[in-house]
Amino acid sequence: MDDEDALIKLAQKGDAVAFEQLVNRHYVTMFKMAFKWCGNQNDAEDITQDACIKLARGLDSFKGDCAFTSWLYRLTINAGKDWYKKQNRHTQKAEPDPEALDNVSTNAKSDSKLYAKQVLAAVQDLPDGEKEALLLVMSEGLSHKEAAKALGVKESTVSWRIHEARKKLNAQFEKEQKYG
Amino acid sequence: MDDAQLKKILQDIDVPEHDINEQKRAVNVAVSEFKAHQQEKEKKSQGSSFLSRLMGRNSQNGRETMEQKSNKKLLQGTAMLVVAGALFAVPFMYENMYETVGEGTTNSTAGGAGGNNFSSIATNISTSGASNPFGNLFKDDQKTTEVAKLNQVELGLTDGSQTRQDQQPASKPAPEMEMAEADMAAVSPAPETSMVEGLVANRAMKAKERKAEGFARHLIAPVPPQDDVHQGYYKDEGRDKFEEFNVNPFKQVSAEPVSTFSVDVDTSSYSFMRRQLNNGQMPSKSAVRVEELINYFDYNYALPEDASQPFKPTVTLMDSPWAEGKQLMQIGIKGFEIDGPQPKSNLVFLLDISGSMNSPDKLPLLKNSLKLLLSKLNDDDTVSIVTYAGHTGVALEPTPVSEKSTIINAMDNLRAGGGTAGAAGIELAYKMAEENFDDEAVNRVILATDGDFNVGISDPKKLEEYVEKKRNTGIFLSVLGFGQGNYNDHIMQSLAQNGNGVAAYIDNLNEARKVLVEEATSSLFPIAKDVKIQVEFNPNAVAEYRLIGYETRHLNREDFNNDKVDAGDIGAGHTVTAIYEIVPTGSSAVSVDPLRYGDAEEKTETATADTDFSNEIAFLKMRYKLPKEDTSTLITTPITTALEGTAGQEQKFATAVAGFAQLLQGGHHLSGDFDYDDVIALAQEGKGEDTFGYRAEFINLVKLTKATNQ
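Residues numbered from 1 in each chain as written. Chains lettered and ligands numbered in written order. Predicted model: local features only at pLDDT ≥ 70, side-chain atom pairs only at ≥ 80, totals over all residues. Heavy atoms only, no water.

Grouped together as the largest cluster of nonpolar side chains are 66 residues, with contacts concentrated most on F19 and L134 of chain A. Taken domain by domain, the makeup of this core includes at least three residues from each of domain 1 (1-95) and domain 2 (96-180) of chain A. Contact partners of F19 of chain A, with chain neighbours within four places excluded, come to A11, C52, L55, A56 and L59 of chain A together with A30, V31 and F34 of chain B. L277, I294, Y299 and A323 of chain B belong to the second-largest nonpolar core, a separate cluster that totals 40 residues. (Core = buried A, V, L, I, M, F, W, Y, C linked by side-chain atoms within 4.5 Å. Buried < 20%, exposed > 50% of the residue type's maximum accessible area, 1.4 Å probe, protein only. Domains from an automatic or database assignment. Contact = heavy atoms within 4.5 Å.)

Next up, the structure:
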């Protein structure tokens, strides 16, 4: 990690080689986050590229008060939000994955992969605030406190948003589990 | 569904394997954005105009990239077009080549697009026979002619309409895909193989076509995680960087009688502009440098009678074709041609093999370009190859040209891609040049890149200083630019300027031949360095003047006599043309009103002066240094009214090019009715013999531009 800190410091001082290494090192992390955020590879690639550009201009503002990866999550999520905003100006929301649209109840439980896909699709439909809190905490394993720091909100807000998100997801999936 | 379940689902989400090319692209974009950001910061803190001149940058670039990327559907279409456009030039030029080899014709003009005149390469190469290892590459005649024909059938297009195709908006994926496939079939032998060889080795054609199809599909499909993603060529867009400048304004002779600038023999602006126009895009204004467009062409100016002087000026006067009541004063110089044995060369190629070079118009073209250059060198010249940005290292130890096969092997083994190592490629290159340093020879590092300057010194300013320092030890630097999308014209120019070398942009093999073979002596063998021009106008004859172009080569008046101030260099046979537009005193075209006050004193001063100089319009002074000298020599000549009407065909052609360039820049100083047709008419008048067809190509380009803009 020291090596990472050094790299960040170098890049913040304007060393392009260090910056390049840094981006290369974290590209996959950002890409994964972006994929979870938007649910398809194409958009995830675009979002990750935008996030990389944001990183180029915004690295100076990383003060080291949270983990670099947490900070990157936030940057990626912001890139994702901006990207969708821009996208919506041109077209309607990206077409949802047709597989995920299939009737939720069929075979859902027997095929856990498909089930996961549906959950992910539902997560993606959550309001941005809830979605980002949920992803950071549930998927990336951050504590509510860490997530709050990364997102720049209060810890209670994170807890509240996760609660709200859980409520929505449960409403959607409990129902169908009962019939299943 | 409980928390643990949800956690598990979210953590185990099946994230597809990321596309390595997407990563490279994103990283490249980010790095260039990063560098731009650093420069902006620096600019803010230092506010140095010198620095901004060297490193200024269109800050929109990164954002444009984002904008372009945001509309993926459009992008996919455009990407296809970019690839199709880039590839199209390749089979096209080969068609010509094969026609010549197969049928023995010398029909060299084939429409306005990229690759005419290939016949001459083919003839050059094939006639040099057994001594030339390239000769046999072209002897696989029958089959290759067939391939060429096949391409034509598959494309179903004539030469002329191909360019039109390129301009179509990205709305028709199907035909474009066919085009890409057809093109791929021609170039398909994977990026790392030489194109020439690839074409000849058409036995494996079928397999390669399949590969090509896969590639084309890969581009169209929403990028499924496939194993063969590495086959995709690198594509880049919207990061080309050009130095911004303002077009020179008219200046009043009474206020500023002296104009000083450095010569410029670079031509990259022309080839870059040509490529864009052929793709149906208008080049951005900052990409059009009038002087580079003019100097792209060779002009038949008088040579010095005395060999002790490297060149002499040819000055002419003609009426301005684009403004009533104004005149054009042209200063042309041509460096003497090297007679007798070509000086020895010690060349070190510093080649960018980063992932972004993995594109048919980059590394494969580069390899073939270098092979062309090789054919021009003598047996006792030495060549070494250093690579950077992919795998930094020595790809070829200094090798005499007599061992051609070793050199060619080393070139063929170059592969683009791989991680970016920050090792000091440039230092390695200079080390090689130093090891083999020959006082009698031309010692030169030739840097070839598509815009990635990760040569080990990341700060552009430091890099320039380094190159400058090495220049003083007698090792010069030339820069060859390739590709489009991330073309960093800016750094290229300043590096070449600091390294006493030329910056050339190579968009196709024809251009490579022009730069590296035809102009090999001029690009490689400087006959004069730090060539500066100063013109003092006579206020009694000229009211106003404007230097057309050379905006980025402006020098201060006092720089002229200061031998420490660096300026442009002239190689053997180089021609340089500068055009002033002047407004004679008393002409109705004078744009600035005379001053009401303070003029009287000046009058009396000049009144005594002009008794001697009454027929002089201006006084021309030039300074140059011989390549190995540190003190400059002065050449002077008065420009008199006797030169009026002396402009001939060469001057007319140069004027046509200047007119075209100014139209592309928006034509601030052109009268409203001067248009592309006037350019064409002028160029036709000045076309002359045009041995290689460059002037004909120019005329076609103007026609194309006219059609595009209608």
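So that's the structure; there's more coming.
All names here are of chain B. Closest axis-to-axis distance for the helix 14 (residues 363-376)/helix 15 (residues 404-412) pair is 10 Å, and the angle between their directions is 165°. Relative to helix 15, the element helix 14 lies roughly antiparallel. Every pair of crossing elements has a handedness; the one defined by helix 14 and helix 15 is right-handed. Facing helix 14, whose interface residues are K367, L370, K371, L374 and S375, helix 15 presents K404, I407, I408, M411 and D412. Here the residues of the contact of helix 14 with helix 15 sort into 5 nonpolar, 1 polar and 4 charged. (Axes fitted to C-alpha atoms, helices over the stretch in contact; angles between N-to-C directions. Helix = DSSP H or I, 4+ residues; strand = E, 2+ residues; numbered from the N terminus. Parallel < 35°, antiparallel > 145°, perpendicular 65-115°, else oblique. Left-handed = near helix turned anticlockwise from the far one by under 90°. Nonpolar A, V, L, I, M, F, W, Y, C, P; charged D, E, K, R; others polar.)

Where charged atoms of side chains with opposite charge meet at close range, the side chains can pair. With the rule as written, the count across this model stands at 29 salt bridges over all chains. R25 of chain A is paired through a salt bridge with E4 of chain A; the nearest N and O atoms lie 3.0 Å apart. Of this pair, R25 of chain A sits in helix 2 (residues 16-38) while E4 of chain A sits in helix 1 (residues 2-12), and the two are 21 residues apart along the sequence. A residue is classified by how much of its surface remains accessible, and E4 of chain A, at 5% relative accessible area, is buried. Notably, a salt bridge pairs E511 of chain B with R274 of chain B, separated by 2.8 Å at the nearest N-O pair. On the criterion of sequence distance, the pair formed by E511 of chain B in helix 19 (residues 509-518) and R274 of chain B in helix 12 (residues 268-278) is long-range, its members being 237 residues apart. On the accessibility criterion, E511 of chain B (1% relative accessible area) is buried. (Salt bridge = Lys/Arg side-chain N within 4 Å of Asp/Glu carboxyl O.)

On to the pairing of strand 14 (residues 575-584) of chain B. All names here are of chain B. Burial analysis of strand 14 places 9 of its 10 residues in the buried class, which makes it a mostly covered element. Pairing analysis gives 8 bridges linking strand 4 (residues 327-335) to strand 14, with the strands arranged antiparallel. Residue pairing for strand 14: Q330 is matched across the bridge by I579. As paired strands, strand 12 (residues 542-548) and strand 14 are joined by 6 bridges and run antiparallel to one another. Within strand 14, the residue paired with Y545 across the bridge is I582. (Pairing = 2+ DSSP bridges.)

What follows deals with the pairing of strand 11 (residues 526-537) of chain B. Along any regular strand the residues' side chains alternate between the sheet's two faces. Residue and element names in this part refer to chain B. The element strand 11 is extensively covered by neighbouring structure, given that 11 of its 12 residues are classed as buried. Across 5 bridges, the pairing between strand 2 (residues 258-262) and strand 11 is antiparallel. The partner of F261 across the bridge, within strand 11, is I533. Pairing of strand 11 with strand 13 (residues 568-571) involves 3 bridges; the strand directions are antiparallel. The residue of strand 13 that forms the bridge with P526 is G571.

The next thing to look at is the environment of S671 of chain B. Residue and element names in this part refer to chain B. By the element assignment, S671 lies in the loop between helix 22 (649-664) and helix 23 (676-685). Residue class for S671 comes out partly exposed when judged on its relative accessible area of 30%. When the C-alpha atoms of S671 and P321 are compared, they prove to be 9.2 Å apart, with 350 residues separating the residues in sequence.

Bringing the sheet that holds strand 8 (residues 442-449) of chain B into the picture now. Residue and element names in this part refer to chain B. Spatially, 7-6-5-8-9-10 is the arrangement adopted by the 6 strands of the open sheet, whose pairing is mixed. Here the strands that pair on one side only, and so sit at the sheet edges, are strand 7 (393-400) and strand 10 (503-506). Sheet twist, expressed as the mean angle between neighbouring strand axes with direction ignored, is 20°. Packing of helix 16 (residues 425-435) onto the sheet brings it into contact with strand 5 (345-352), strand 6 (382-388), strand 7, strand 8 and strand 9 (475-482), and relative to strand 5 it is tilted by some 165°.

Averaged over every residue, the pLDDT of chain A is 78; the share at 70 or more is 81%. Confidence drops under pLDDT 50 across residues 91-110 of chain A; counting only partners more than four residues distant or on other chains, this segment forms 23 contacts. (pLDDT = per-residue confidence, 0-100.)

As a further point, take the sheet that holds strand 14 of chain B. Taken in spatial order, the 5 strands make up an open sheet running 1-12-14-4-3 (chain B), and their pairing is antiparallel. Unpaired on one side and paired on the other, strand 1 (251-252) and strand 3 (311-319) of chain B mark the two borders of the sheet.

Moving on, we come to the packing of aromatic side chains. Going through the model one piece at a time under the given rule, you end up with 24 aromatic pairs over all chains. When the centroid spacing of 4.1 Å and the interplanar angle of 5° are considered together, the rings of F19 of chain A and F34 of chain B count as stacked. Of this pair, F19 of chain A sits in helix 2 while F34 of chain B sits in helix 2 (residues 20-46), which puts the two residues in different chains. Consider the rings of W322 of chain B and F674 of chain B, whose centres lie 5.5 Å apart with planes at 75°: the pair is edge-to-face. One end of the pair, W322 of chain B, is in the loop between strand 3 and strand 4; the other, F674 of chain B, is in the loop between helix 22 and helix 23, and 352 residues separate them in sequence. The burial state of W322 of chain B is the same as that of F674 of chain B; both residues are buried. A connected cluster of aromatic rings, assembled from ring pairs, spans Y270, Y296, F297, F653, F660, Y676, Y694 and F698 of chain B. Here the guanidinium or amino end of K131 of chain A rests over the ring plane of W37 of chain A, the centre of that ring lying 3.9 Å away. Above the face of the F653 of chain B ring, R695 of chain B is positioned so that its terminal group lies 4.5 Å from the ring centre. (Phe/Tyr/Trp six-rings, centres within 6.5 Å; stacked < 30°, edge-to-face > 60°. Lys NZ or Arg CZ within 6 Å of the ring centre and 35° of its normal.)

Residues and elements named next belong to chain A. With respect to the element layout, Q41 can be found in helix 3 (residues 41-58). Classification of Q41 as buried rests on a relative accessible area of 8%. Taking C-alpha positions, Q41 is 8.7 Å from F31, a pair spaced 10 residues apart along the chain.

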